Amino acid sequence: MKILLLHVDYIKFKPLKKALRKIEGLSDAEKKGGEAEEALVVLTAIEKGDSDVKAVVGKLVDEVKDVAGQVKAKNVVLYPYAHLSNDLGSPEIAVKVLEQAEKELKKNFKVSRAPFGYYKEFEMKVKGHPLSELSREISVGGGKSKKDDSSESKALKAEEKLQSYWHIMTPDGKLHDVGKFNFKNYANLKKFAVYEKSKFRKMVKEPAHIKLMKKLELVDYEPGSDSGNLRYYPKGRMIKALIEEYVTKRMQEYGGVEVETPIMYDMKNPILEKYLQKFPARQYQINSDKRNFFLRFSACFGQFLMAKDVSISYKNLPFKFYELTRYSFRREQSGEVAGLRRLRAFTMPDVHVLCKDISQAMTEYKTRFLLSLDVLDKIGLKREDVELAVRFTKDFYKKNKKFVEWIIKEFGRPVLIEMWDERSFYFILKYELNFVDSVNKAAALSTDQIDVENAERYGIKFTDKDNKKKYPLILHCSPSGAVERVMYALLEKTSMNGTNSLPYWLAPTQIRLLPISDKFNKKAEELAEEFNKNNIRADVDDNSETSKKKIVDSEKEWVPFTIFVGAKEIKDNVFALRERGKKGLINLSKEEVISKLKELQSNMPWRPVPLPVLLSKRPIFV
RNA sequence: GCCCCAGUAGCUCAGUGGCAGAGCACCACUCUCGUAAAGUGGGGGUCGCAGGUUCAAAUCCUGUCUGGGGCUCCA
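Nothing here was measured: the structure is a model prediction, and the numbers come from that model.

Draft legend 1. Quick look at the overall build of chain A. Across its full length, chain A holds 18 helices and 28 strands. Taking the principal axes of the C-alpha coordinates as reference, chain A spans close to 105 × 70 × 60 Å. Here chain A holds 622 residues, and the buried ones make up 50% of them. Here the analysis covers contacts within chain A between residues at least 6 apart in sequence; of these, 77% occur between residues at least 24 apart.

Draft legend 2. Spotlight on the pairing of strand β24 (residues 511-515). Of all five residues in β24, five are buried, a share of seventy percent or more. Residue alternation in β24 divides its side chains into two sets, I511, L513 and P515 and R512 and L514, and both sets are buried. Alignment of β24 against strand β25 (residues 538-540), held across three bridges, turns out to be parallel. Paired with R512 across the two strands is D539, which belongs to β25.

Draft legend 3. Broad picture of the side chain of T347. In this fold, T347 is placed in strand β16 (residues 345-355). We classify T347 as buried; its relative accessible area is 0%. At 2.7 Å, the side chain of T347 and the side chain of E484 are in polar contact. For T347, the contacting residues outside a window of four places in its chain are K240, E244, L324, T325, R326, Y327, A482, V483 and E484.

Draft legend 4. Structural detail: the pattern of salt bridges. Taken as a whole and assessed by the stated rule, the structure comprises 49 salt bridges. In this structure, K430 and E432 form a salt bridge, with 3.5 Å as the shortest nitrogen-oxygen distance. Under the relative-accessibility criterion, K430 is labelled buried at 16%. On the basis of relative accessibility, which here comes to 5%, the residue E432 falls in the buried class. Shared partners join several salt bridges into a network, and the residues in it are E217, K235, R512, D539, E557 and R618.

Draft legend 5. How the structure looks around the packing of aromatic side chains. The full count for this structure, using the stated rule, is 27 aromatic pairs. Geometrically, the ring pair formed by Y265 and F294 is tilted, given 6.0 Å between the ring centres and 40° between the ring planes. Taken together, the residues span a long stretch of sequence, with Y265 in strand β12 (residues 264-266) and F294 in strand β14 (residues 291-295) at a distance of 29 residues. Across the pair, F294 and Y265 agree in class, each one buried. The interplanar angle of 85° and the centroid separation of 5.8 Å between the aromatic rings of Y284 and F329 together place this pair among those described as edge-to-face. One end of the pair, Y284, is in the loop between α8 (270-277) and β13 (285-288); the other, F329, is in strand β15 (residues 319-329), and 45 residues separate them in sequence. For the residue pair Y284 and F329, the accessibility class agrees, reading buried in each case. In this structure, K240 is placed above the aromatic ring of Y232, and the distance from its NZ or CZ to the ring centre is 5.0 Å. For the cation-ring pair, K394 lies above Y165, with the distance from its terminal atom to the ring centre recorded as 3.9 Å.

Draft legend 6. The arrangement of the confidence of the model for chain A in detail. The share of residues in chain A with pLDDT of 70 or more is 92%, and the mean pLDDT across the chain is 87. Of the regions scoring below 50 in pLDDT, residues 141-160 engages in 24 contacts with residues more than four places distant in sequence or in other chains. This complex was scored by the predictor with a pTM of 0.79 and an ipTM of 0.91.

Draft legend 7. Structural view of the nonpolar core. Formed by 74 residues in total, the largest nonpolar core has its most connected members in I243, V390 and L429. Both of domain 2 (187-262 + 297-497) and domain 3 (504-617) provide at least three residues apiece to this core. When sequence neighbours within four positions are dropped, the list of residues in contact with L429 reads Y365, V390, R391, F392, F396, F403, V404, I407, D448, Q449 and I450. Within the second largest apolar cluster, 27 residues are counted, among which are I3, L60, L105 and F116.

Draft legend 8. Representation of the packing of helix α10 (residues 358-379) against helix α12 (residues 401-411). Contact geometry of α10 with α12 gives a least axis separation of 11 Å together with a crossing angle of 15°. On the basis of the axis angle, α10 is roughly parallel to α12. The two elements α10 and α12 meet at a crossing, and its hand is right-handed. Two secondary-structure elements touch here, α10 through M362, Y365, K366, F369, L370 and L373 and α12 through F403, W406, I407, E410 and F411. Grouping the amino acids of the contact of α10 with α12 by side-chain chemistry returns nine nonpolar, no polar and two charged.

Draft legend 9. Expanded view of the environment of S589. Positionally, S589 belongs in the loop between β28 (585-588) and α18 (590-601). For the pair S589 and N573, spaced 16 residues apart in the sequence, the C-alpha separation amounts to 5.3 Å.

Analysis parameters
Residues numbered from 1 in each chain as written. Chains lettered and ligands numbered in written order. Predicted model: local features only at pLDDT ≥ 70, side-chain atom pairs only at ≥ 80, totals over all residues. Heavy atoms only, no water. Helix = DSSP H or I, 4+ residues; strand = E, 2+ residues; numbered from the N terminus. Buried < 20%, exposed > 50% of the residue type's maximum accessible area, 1.4 Å probe, protein only. Contact = heavy atoms within 4.5 Å. Pairing = 2+ DSSP bridges. Polar contact = N/O pair within 3.5 Å; in protein donor to acceptor, adjacent residues only side chain to side chain. Salt bridge = Lys/Arg side-chain N within 4 Å of Asp/Glu carboxyl O. Phe/Tyr/Trp six-rings, centres within 6.5 Å; stacked < 30°, edge-to-face > 60°. Lys NZ or Arg CZ within 6 Å of the ring centre and 35° of its normal. pLDDT = per-residue confidence, 0-100. Core = buried A, V, L, I, M, F, W, Y, C linked by side-chain atoms within 4.5 Å. Domains from an automatic or database assignment. Axes fitted to C-alpha atoms, helices over the stretch in contact; angles between N-to-C directions. Parallel < 35°, antiparallel > 145°, perpendicular 65-115°, else oblique. Left-handed = near helix turned anticlockwise from the far one by under 90°. Nonpolar A, V, L, I, M, F, W, Y, C, P; charged D, E, K, R; others polar.

If you want it as structure tokens, here you go:
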């Protein structure tokens with residue numbers, strides 16, 4: 001049966017007309033209808049599987065008691081509401097269930113029951129608190145006459161049932177109870193563990209990066225699109241492009257073979273159809289000429305569909321497909337979309353490795369774990385900036401303790417462990433590197449999963465040494481997580497530690513030249529050109545402003561280095577280099593400045609200044 | 001999806017039934033400047049949108065859109 005529980009200020013109802021022919025007439029009292037205040041209204045729909053009346057009533061009563069207790073309701077209204085289900089059971093049983101439930105509940109509550117089988121008018125005012133509206137599905141094992149066996153509901157039920165066991169594992173391989181673990185030196189891990197485990201959270205403000213992404217003219221909301229689909233201004237686009245380039249470069253070095261796959265897929269494709277049903281209504285859909293398509297929510301679809309058509313020998317394994325999806329789409333619930341943390345359109349580097357067996361998979365897994373840590377580190381997110389979570393089935397842990405312990409030991413700090421009794425996802429193990437932000441919310445960056453299911457689903461096979469076709473294991477890895485989320489983490493981090501700066505290689509302007517007066521604009525422009533030729537993003541503040549004002553402006557833009565250009569500098573080739581966030585100036589020749597900045601740039605990707613070099617030529621985006 | 005809050009100039013915001021405001025930014029002019037904000041003047045508004053109440057609505061009511069937060073969710 002399905003029930004909907006509503007905590008109401010009041011409810012009034014009155015039967016009007018029979019909805020079912022067979023139903024008996026009403027007493028005069030019943031005809032008047034009823035009302036209740038401060039009540040828990042239980043809308044019910046009895047379904048085909050609910051033949052075991054006693055068991056159904058028992059569960060219903062438990063459910064009602066539980067919720068009524070939580071919302072402190074003393075009045076209960078049982079209200080038959082057929083529209084909750086499209087698989088209704090027989091009226092006879094429904095009436096029995098309602099009558100017996102009423103009897104049971106009367107022991108604890110003041111109960112009223114609306115008549116069954118009538119059209120009723122009703123009016124109620126539902127309270128707004130989080131528990132005021134809850135829906136429940138009650139099923140009784142064994143007594144089910146009709147099983148709801150769509151893969152959709154199976155997956156959802158599996159998720160509901162999924163029992164998680166939370167632990168902290170220390171680098172020595174010991175498992176600790178989360179509740180008993182001493183978080184004294186691990187405040188951030190505590191925040192993360194609390195975030196993952198708990199349901200209720202304190203009121204929090206908006207995360208710091210949202211104001212920053214606008215103020216720095218990086219990214220903004222686009223009201224003309226759907227929420228979670230952002231616009232990137234030139235500076236934001238440049239930063240994002242650099243991160244994309246860097247991650248791609250590292251993936252290529254690792255051996256990832258870059259491919260490109262469509263962003264939309266036929267909803268009727270037999271392979272995709274089932275998989276899709278597991279996660280209803282979370283994707284964008286597109287109608288085109290009688291066909292329905294969904295927008296990919298990861299790179300998996302295109303890569304797996306490609307992989308199933310590839311002839312693969314065991315000699316080719318491990319084989320690595322890489323793609324950077326711009327974009328992947330997830331129609332996240334509207335209330336959950338926030339800034340750069342959670343989007344409906346996001347850019348995801350995704351490398352899938354086909355492995356011939358678990359041993360090969362674990363070897364790859366180790367390599368990729370270290371690689372992910374290093375990629376984040378080079379981008380500007382150090383190991384101490386992230387918290388590790390490792391999730392696996394009990395069975396996997398039992399068989400591969402050493403492997404799990406290796407991951408934790410390698411990370412070098414206590415990590416959050418989530419263990420499941422049985423596998424209800426497609427993977428048996430996954431880790432994530434999580435970032436905890438300025439409002440104590442956590443967001444996953446890097447992740448890697450051992451997938452034991454999709455090779456078979458998609459028909460991805462390789463020919464083994466014994467000339468038999470076998471399904472490979474697939475590792476799903478995003479070495480950095482969504483690129484937008486990397487930007488989010490960088491902005492949150494700098495806001496939290498008070499440095500208010502971007503890593504040098506991502507600064508839209510790396511050095512700003514400030515002509516001491518308009519007379520030196522031309523000279524500064526020439527100088528900027530020379531810097532830019534040396535892969536140093538230099539621009540010129542040629543606005544007709546005072547020197548102090550130009551410094552203020554460069555500070556507001558987080559420009560890491562500034563130099564003034566005047567008669568002295570040109571004559572003596574000595575520049576007083578001002579480094580943001582540091583006191584004092586360093587006198588250097590032009591050549592020394594160039595070599596210092598080149599060293600900072602190291603071999604990270606570089607792009608030219610994303611806007612005109614002369615500030616006077618730049619429009620203001622925000 | 002549900003609940004709560006917000007939306008007024010490019011930005012940050014004041015204005016709570018009676019002439020649409022401030023600071024910053026922008027434009028013009030003066031100043032040509034040495035490491036955190038020179039001076040004077042000027043332009044700029046569908047008060048998110050739609051409807052309603054009223055002699056009169058930015059202000060009150062209804063709906064809606066967008067953003068933020070919470071719940072749920074996060075393959």
